[in-house]
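# Remarks on the overall topology
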Amino acid sequence: MTDKRLERILAKLDETYGTEKIIYLEYNTPWQLLFATILSAQCTDARVNMVTRDLYKKYDSLEKFASAKLEEMEKDIHSIGFYHNKAKNLIACARKLLSDFGGEVPSELEDLLTLPGVGRKTANVIRGNIFDMPSIVVDTHVKRITKKLGFTQSDDPVKIEFELMEILPKDHWIVWNTDLITLGRTICIARREKCDICFLREDCPSAKV
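Residues numbered from 1 in each chain as written. Predicted model: local features only at pLDDT ≥ 70, side-chain atom pairs only at ≥ 80, totals over all residues. Heavy atoms only, no water.

### Focus on the packing of helix α2 (residues 30-39) against helix α6 (residues 83-100)
At a minimum axis separation of 10 Å, α2 and α6 run at an interaxial angle of 155°. With respect to α6, the element α2 is oriented roughly antiparallel. Note that α2 runs across α6; the crossing there is right-handed. Here W31, L34, F35, I38 and L39 of α2 come into contact with α6, specifically with K86, L90, C93, A94 and L97. Taken together, the residues that form the contact of α2 with α6 break down as nine nonpolar, no polar and one charged. (Axes fitted to C-alpha atoms, helices over the stretch in contact; angles between N-to-C directions. Helix = DSSP H or I, 4+ residues; strand = E, 2+ residues; numbered from the N terminus. Parallel < 35°, antiparallel > 145°, perpendicular 65-115°, else oblique. Left-handed = near helix turned anticlockwise from the far one by under 90°. Contact = heavy atoms within 4.5 Å. Nonpolar A, V, L, I, M, F, W, Y, C, P; charged D, E, K, R; others polar.)

### Things to note about the pattern of salt bridges
According to the stated counting rule, one finds 14 salt bridges in the structure shown. K147 is the salt-bridge partner of D155, the closest N and O atoms lying 3.0 Å from each other. Linked through salt bridges whose partners overlap, the residues forming this network are R8, K12 and D203. (Salt bridge = Lys/Arg side-chain N within 4 Å of Asp/Glu carboxyl O.)

### Comments concerning the packing of aromatic side chains
In total, this model carries eight aromatic pairs according to the counting rule given. The rings of W31, F35, Y56, Y59 and F65 are connected pair by pair, giving a single aromatic cluster. (Phe/Tyr/Trp six-rings, centres within 6.5 Å; stacked < 30°, edge-to-face > 60°.)

### Observations concerning empty space enclosed by the protein
Tallied over the entire structure, the rule returns one cavity of 30 Å³ or more. Its volume calculated, the largest cavity comes out at about 130 Å³. Around the largest cavity, the lining comprises 15 residues; the ones closest to its centre are K148, C188, C195, C198 and C204. Here the residues of the lining of the largest cavity sort into 10 nonpolar, one polar and four charged. (1 Å grid on protein atoms, 1.4 Å probe; cavity = no way out; pocket = protein on both sides within 12 Å on 5 of 7 lines; lining within 4 Å. Points joined across faces, edges and corners; volume = space filled by probe spheres on them.)

### Things to note about the state of the cysteines
Counted by the stated rule, this structure contains zero disulfides. Of all cysteine sulfurs in the structure, the one in C43 sits closest to C93, which takes part in no disulfide; the separation is 18 Å. Here C204 is not cross-linked by a disulfide; its sulfur's nearest cysteine counterpart is in C195, at 6.5 Å. (Disulfide = S-S within 2.5 Å.)

### Notes on the nonpolar core
Counting 37 residues, the largest nonpolar core has L34, F35, L55, F65, M73 and L97 as its most contacted members. Broken down by secondary-structure element, the contributors of at least two residues to this core are α2, α3 (45-58), α4 (62-66), α6, α7 (109-112) and α8 (120-129). For M73, the contacting residues outside a window of four places in its chain are L55, Y59, F65, A68, A87, L90 and I91. (Core = buried A, V, L, I, M, F, W, Y, C linked by side-chain atoms within 4.5 Å. Buried < 20%, exposed > 50% of the residue type's maximum accessible area, 1.4 Å probe, protein only.)

### A closer look at unusual backbone geometry
For F82, which is not a glycine, the phi torsion comes out positive at approximately 60°. With respect to the secondary-structure elements, F82 resides in the loop between α5 (70-76) and α6. Although it is not a glycine, R191 adopts a positive phi angle of roughly 70°. Examined against the element boundaries, R191 turns out to sit in the segment after α11 (173-186). Looking at R191, the relative accessible area reads 81%, which means it is exposed.

### A few points about helix α9 (residues 140-148)
Along α9, the residues classified as buried are H141, V142, I145 and T146. The arc enclosing the buried residues of α9, seen along the axis, measures out at 110°, which places them on a common side. (Arc of directions from axis to C-beta.)

### Brief notes about the packing of helix α1 (residues 3-17) against α11
Two elements in contact, α1 and α11, have axes whose closest approach is 11 Å; the angle formed by their N-to-C orientations is 75°. One element, α1, and the other, α11, form an angle in the roughly perpendicular class. Across the interface between the two elements, I9, L10, L13 and Y17 from α1 touch W176, D179, L180, T182, L183 and T186 from α11. Counted by class, the contact of α1 with α11 contains seven nonpolar, two polar and one charged residues.

Below, the structure written as structure tokens:
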């Protein structure tokens, strides 16, 4: 692994996918993105978007989320995986935002991590997309493809996050996530990689060509 190889990979990603930040979750307010990201754990963005379109009409304020009945919230999001815990976390998160943060989504990592249902991945999504703070989001696509590219040997998302912080320029921290999501959904698909058409194959040590 060399710096030149990473530079080539970043240049190819920029050329193919552009450099604009992309978020696949639909939202209008910071708290809506926060809740959508909580819901997205172990679930596709498309499914989350289907659910939140109606959910955000029914609960159009933090106050309505905070006063929601758990059983009803579970019914509202029942098509999403782990909906029991996620329903509980949405209600608790809304209450904590109102009681501790004046109804505003905080920007500091330490504050975000105090919110129910929020881990480093969710916190970094918010910091990067709402507050424009350089943040690395390590989801399943990032973990898998970063490893295939030889930039980590770890399966620990936190360790991978810090390893990527060491080698990626800050202006690529957020787009690394969105680029690898797109790559993972279209070309580097789990268990059926299309290495023969991948534009990174010449710089990927895992390429099967």
